[in-house]
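One-letter residues, chain by chain:
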Amino acid sequence: MRKCSLTALDSIFETIAKSAVLYLPVDTEENKSEYKMWEKGAKWSDRLNTNKSPKDFFFPQVEDLMKFKVTGKNIELTDIRKAAEDFVVFGVRACDVKSFDVLDRVFLTTPTDSYYASRREHGVIISVACTRPTETCFCQTFGIDATEPQGDIMVWKTESELFWKAVTEKGEKIMSLIESMTEQCTEEAVEAQKAKTKAIMKKLPLANLKADAFGAGKTDEFFNAPEWAELSQSCLGCGTCTFVCPTCQCYDIKDFNTGNGVVRFRCWDSCMYSDFTKMSAGQPRLTQVERFRQRFMHKLVYYPENNEGMFGCVGCGRCLAKCPISMNIVKVMKAIGGKAE
């Protein structure tokens, strides 16, 4: 383990940015935190969560896939993929790091999504342990330790210092770049900071929220639960929860005629929309209650059913903070799973 003073952080960022494009959370005029490319003068925002998750770096909200031109009966295809550049994402919290495991199981299984795989190969994750978890946090419900954020490099922050620990080969390479700016140290200060954070976690409103009632094999138990109708009644179907969620992976593929050929692109989609997966035969889920049920059953039952028990939620709390009618997965878990032992 190595450490540095917080005053050395600008120099460290500058050094890392010389080897790869560096992104980090910065404060915005809207009093939020967003990932931005580092440039001189940029200041790291250590707010608990960024407005949008870092999922965008690996699974962009909008992404061109190919270009083609049709002339008579001939189709001319153009591969418009570009080689992914090396990049580093600093400041990723434990919940968001875990979300990459969820996405990996979708995009890196056969057939592998080459667009996603390339970005995962070229991206380096520098995670930062939480120090001030808030009342919307419930990552511990899904077995995530906010004080051990994983990633390629793990970082812990105290009032005056940062502590660094490389976890992977990619992390070791980054650490070698900043070795002269850091010094070898023991873990006493880190352990003390972990204890403070864990003490806060135990006092949070959702500290005792359990997911034990859910998981693989629970489809028959919950699918026809009468609570779905009441829970979904106030849902606007706006899709906000899916767009801020770090684990949602649904997308649509569309063609855009440029006048000189067609660009095929994909963009994020939401199971909360009435036209989601709509086909020539119509929409398979005709009502909002069906769409509402789909979202939460996928997170809590369908995904673990197909992924060795791993849930499709990481407890980041963004949906709790962003839903305009204050409906979220926690309320669903309490209403649907509260009766199950």
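Everything below is about the structure shown above.
Read on for an overview of the structure. (Residues numbered from 1 in each chain as written. Predicted model: local features only at pLDDT ≥ 70, side-chain atom pairs only at ≥ 80, totals over all residues. Heavy atoms only, no water.)

The next thing to look at is the pairing of strand β1 (residues 2-5). The alternating pattern of β1 places Arg 2 and Cys 4 on a buried face, while none of Lys 3 and Ser 5, on the opposite face, is buried. Looking at chain direction, β1 and strand β9 (residues 161-166) are connected through four bridges and run antiparallel. Paired with Arg 2 across the bridge in β9 is Trp 164. As paired strands, β1 and strand β10 (residues 183-184) are joined by two bridges and run antiparallel to one another. (Buried < 20%, exposed > 50% of the residue type's maximum accessible area, 1.4 Å probe, protein only. Helix = DSSP H or I, 4+ residues; strand = E, 2+ residues; numbered from the N terminus. Pairing = 2+ DSSP bridges.)

A word on the environment of Leu 6. Counting through the fold element by element, Leu 6 comes out in the loop between β1 and α1 (9-19). Judged by relative accessible area, Leu 6 falls into the partly exposed class, the value being 26%. Counting along the chain gives 151 residues from Leu 6 to Lys 157, while the straight-line C-alpha distance between them is 8.6 Å. Discounting chain neighbours no more than four positions away, the residues touching Leu 6 are Lys 157, Thr 158, Glu 159, Ser 160, Glu 161 and Leu 162. (Contact = heavy atoms within 4.5 Å.)

Let's shift gears to the state of the cysteines. Disulfide: a covalent bond connecting the sulfur atoms of a pair of cysteines. The tally for this structure, following the rule as stated, stands at zero disulfides. Of all cysteine sulfurs in the structure, the one in Cys 95 sits closest to Cys 316, which takes part in no disulfide; the separation is 5.3 Å. Using a relative accessible area of 7% as the deciding quantity, one classes Cys 316 as buried. (Disulfide = S-S within 2.5 Å.)

Bringing the side chain of Asn 328 into the picture now. Note that Asn 328 resides in the loop between α10 (318-322) and α11 (329-337). Taking the relative accessible area as the measure of exposure, Asn 328 reaches 7% and is therefore buried. Among all residues touching Asn 328, those that are not within four sequence positions of it are Phe 296, Cys 319 and Leu 320.

Judged by side-chain polarity, Val 70, Ile 75 and Leu 77 come together as a nonpolar surface patch covering roughly 330 Å² of accessible area. In this structure, Ile 75 sits in strand β5 (residues 74-78). (Patch = residues over 30% accessible without salt bridge, like charges linked within 9 Å, V, L, I, M, F, W, Y side chains within 5 Å. Areas by Shrake-Rupley, 256 points an atom, 1.4 Å probe, with all protein chains shown as cover. Salt bridge = Lys/Arg side-chain N within 4 Å of Asp/Glu carboxyl O.)

Now for the sheet that holds strand β7 (residues 123-128). Judged by pairing direction, the sheet is mixed, and its eight strands sit side by side in the order β3-β2-β6-β7-β8-β9-β1-β10 without closing on themselves. The outermost strands of the open sheet, each flanked by one partner alone, are β3 (33-37) and β10. The pairing of strand β2 (residues 21-27) with strand β6 (residues 87-92) spans three bridges and is classified as parallel. The partner of Tyr 23 across the bridge, within β6, is Val 89. Sheet strands touched by helix α2 (residues 94-107): β6 and β7. Its angle to β6, the strand with the most contacts, is close to 130 degrees. Across the face of the sheet, helix α3 (residues 114-122) comes into contact with β6 and β7 while running at roughly 60 degrees to β7. (Axes fitted to C-alpha atoms, helices over the stretch in contact; angles between N-to-C directions.)

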